[in-house]
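# Structural features, examined
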Amino acid sequence: MRTNLQTCIRKPGIRGVASCSLIAFLAFLLSGCVPAPKSTIPIADIAVTNNHLILINETGYIWYDAKLTIDGKYTYKASMITAGKSGIPLAKFVDDQGHAYKRDRLSIRNLKIDITDTLGREKHFTW
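This is a predicted model, so every value here is computed, not measured. (Residues numbered from 1 in each chain as written. Predicted model: local features only at pLDDT ≥ 70, side-chain atom pairs only at ≥ 80, totals over all residues. Heavy atoms only, no water.)

## Points about the packing of aromatic side chains
In the structure shown here, the tally under the stated rule is two aromatic pairs. Note on tyrosine 74 and tyrosine 101: the rings are 5.1 Å apart at their centroids and 75 degrees apart in plane angle, and the pair reads as edge-to-face. Here tyrosine 74 is found in strand 4 (residues 74-81), whereas its partner tyrosine 101 is found in the loop between strand 5 (84-89) and strand 6 (111-116), with 27 residues between them in sequence. Judged by centre distance (5.5 Å) and plane angle (45 degrees), the rings of tyrosine 76 and phenylalanine 93 are tilted. Of this pair, tyrosine 76 sits in strand 4 while phenylalanine 93 sits in the loop between strand 5 and strand 6; the two residues are 17 residues apart in sequence, bridging distant segments of the chain. Given the relative accessible area of 0%, phenylalanine 93 is considered buried. (Phe/Tyr/Trp six-rings, centres within 6.5 Å; stacked < 30°, edge-to-face > 60°. Helix = DSSP H or I, 4+ residues; strand = E, 2+ residues; numbered from the N terminus. Buried < 20%, exposed > 50% of the residue type's maximum accessible area, 1.4 Å probe, protein only.)

## A few points about the sheet that holds strand 1 (residues 44-48)
Hydrogen bonding along the main chain pairs the strands of a sheet, whether they run parallel or antiparallel. Spatially, the three strands line up as an open sheet ordered 1-2-5, and their pairing is antiparallel. Of all the strands in the sheet, the pair left with one neighbour each is strand 1 and strand 5. The sheet shows a mean angle of 20 degrees between the axes of neighbouring strands, direction not considered. (Pairing = 2+ DSSP bridges. Axes fitted to C-alpha atoms, helices over the stretch in contact; angles between N-to-C directions.)

Now the structure itself:
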């Protein structure tokens, strides 16, 4: 006996199953259509101890010509920062007049990192 698809769908039980399956399939397709972010999300973290700035570079890339700036005033320049954890003494951050950064009760309000990645692109991160 040959079954026609049209007559099969007309039956109430099969019609309900077909409708639910179609809705589930469409919901599955639509939920997978999330656009990728247009900007890169830095994978890095910072921490501060009494005497050091701890920078955790989790991008897997080496950062070249890094310039770290604390509170827009005190800077530290490094030729490269490797992937992983790096500890930088806060005393190495100096202002334009050569005065070293001294941590007080307020601590660091913001940090800006300017780097060149392995492809030669300049990137800027702010915390």
